[in-house]
Amino acid sequence: MNIKYKKAAVIGFPIAQSLSPFIHTYWMNKVGLRGSYEAIEVAPDTLESFLKRAGELGLNGFNVTMPHKTTILPYLNKLAPLARQMGAVNTVRVEEDGKLTGFNTDSIGLVAHLKNIVAEYPTDKPALILGAGGAARAAAFGLLTENIPMVMISNRTREKAEAVAKNIGRGRMTVVDWDTRSEAASAAGLIVNTTVLGMNGQAALEIDLSHAAKDTVVYDIVYKPLETALLVQAKKQGLRTVDGLGMLVHQGAAAFKIWFGCDVSFDSELRAELEAKIG
Ligand code: ATR
């Protein structure tokens, strides 16, 4: 057994509010891995110098969050295929020789959580992604690997949705006007909110779910608060819902596996502790 002390971290700016140290420390304790996981604030102008020191700091790897997910790309020695295709990195492994390999576990995390919560969702209807930022791209990558006929994407700024559909849609994505998102929701089997709308401090996402089919699943990747107005509305309509906490946890589990080779899970104890933290 490798008893060497393990070290991992998350880098971002700001980073103080990150739940990742709690999640990874929970797993380290759970699998009996001696180590630590800390949040390291890395301002944009110090990213390059941080990356040069990552090996010296004794890190086995680290997660990458805003605003570094795309700006980190030129500094990495190697990219896993998915990270290369997505043009974004959320996980870095520090190799034995100090070289850095970039991965992206966001799309895997998003789909893993969906499948954990709902055993089945309609695959005979298109999915609808709301938003066109980094999270929307992760959602699109994840859903395009699923057996769904078509993925609709709708964003306030239509051109951004068009760019996502063109760059990664492989002919299976279509753009829906932001003003017609409620009609699109009625036709969708799965609705995924990746916008910031509904987050604490942001306006709610306005959408009418009253014409959605009863087997529709509504997935909000916002997790602060856990129960957004979108999910409240969906529940009132009798629709199944998926909150955003699991995506965070599952992308973290995939990163943990990349660094340490151990399988970890989102068990009920971890969920309860995170819910208490979010409040
Ligand atoms: P991330 O990379 O985390 O997904 P982002 O790139 O900042 O974050 O994307 C935020 C998303 O929320 C975008 O789709 C944005 O829409 P625009 O592309 O039009 O900016 C969306 N968003 C933010 N504020 C919004 C608002 N008031 N109404 C509708 N969409 C909004």
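The rules we used
Residues numbered from 1 in each chain as written. Predicted model: local features only at pLDDT ≥ 70, side-chain atom pairs only at ≥ 80, totals over all residues. Heavy atoms only, no water. Buried < 20%, exposed > 50% of the residue type's maximum accessible area, 1.4 Å probe, protein only. Helix = DSSP H or I, 4+ residues; strand = E, 2+ residues; numbered from the N terminus. Arc of directions from axis to C-beta. Contact = heavy atoms within 4.5 Å. Near = heavy atom within 4 Å. Polar contact = N/O pair within 3.5 Å; in protein donor to acceptor, adjacent residues only side chain to side chain. Areas by Shrake-Rupley, 256 points an atom, 1.4 Å probe, with all protein chains shown as cover. Nonpolar A, V, L, I, M, F, W, Y, C, P; charged D, E, K, R; others polar. Pairing = 2+ DSSP bridges. Axes fitted to C-alpha atoms, helices over the stretch in contact; angles between N-to-C directions.

S.K.: Sorry, what's going on with helix α8 (residues 229–236) here?
M.R.: Owing to its 3.6 residues per turn, the α-helix brings residues three or four apart onto one side. For α8, the set of buried residues is Leu-230, Leu-231 and Ala-234. The arc enclosing the buried residues of α8, seen along the axis, measures out at 95 degrees, which places them on a common side. In this structure, the buried residues of α8 make contact with β10 (190–193), β11 (217–220) and β12 (240–242). The first or second residue beyond α8 is Gly-238, which carries a positive phi of 80 degrees.

S.K.: Even after reading the chapter, I still don't get the site of the ligand, so can you show me in this structure?
M.R.: Taken together, 13 residues sit near the ligand, with Gly-134, Asn-155, Arg-156, Thr-157 and Lys-160 positioned nearest. Within the side chain of Asn-155, a nitrogen or oxygen atom sits 2.6 Å from an oxygen atom of the ligand. Protein contacts shield 70% of the accessible area of the ligand, which totals 640 Å² for the unbound molecule. When its residues are assigned to classes, the shell around the ligand shows five nonpolar, six polar and two charged.

S.K.: Is there a simple way to explain the sheet that holds strand β8 (residues 151–154) in this structure?
M.R.: The strands making up a sheet associate through hydrogen bonds between their backbones, and the pairing can be parallel or antiparallel. A sheet is described by the order of its strands in space; here six strands give the open sequence β9-β8-β7-β10-β11-β12, paired in parallel fashion. In this open sheet, the two strands that pair with only one neighbour each are β9 (173–176) and β12. Put simply, the sheet's adjacent strands are angled 20 degrees from each other on average, direction ignored. Here β10 runs beside β11; their pairing, made up of four bridges, is parallel. Opposite Asn-193, over in β11, you have Asp-220 as the bridge partner. Strands in contact with helix α4 (residues 106–117) are β10, β11 and β12; relative to β11, the strand with the most contacts, it is inclined by about 135 degrees. Packing of helix α5 (residues 134–144) onto the sheet brings it into contact with β7 (127–130), β8, β9 and β10, and relative to β7 it is tilted by some 165 degrees.

S.K.: Even after reading the chapter, I still don't get the environment of Lys-257, so can you show me in this structure?
M.R.: When you line up the elements, Lys-257 lands in helix α9 (residues 245–260). Non-local contacts of Lys-257, meaning those with residues more than four positions away in its chain, are made with Cys-262 and Asp-263. A polar contact of 3.1 Å, which involves the side chain of Lys-257, links it to the side chain of Asp-263.

S.K.: In this structure, what is going on with the pairing of β10? I would like to understand it.
M.R.: Strand residues, when the strand is regular, have side chains that alternate between the two faces of the sheet. The alternating pattern of β10 places Leu-190 and Val-192 and Ile-191 and Asn-193 on opposite faces, both of which are buried. Note: β7 against β10, four bridges, orientation parallel. Bridge pairing in β10 links Ile-129 to Val-192.

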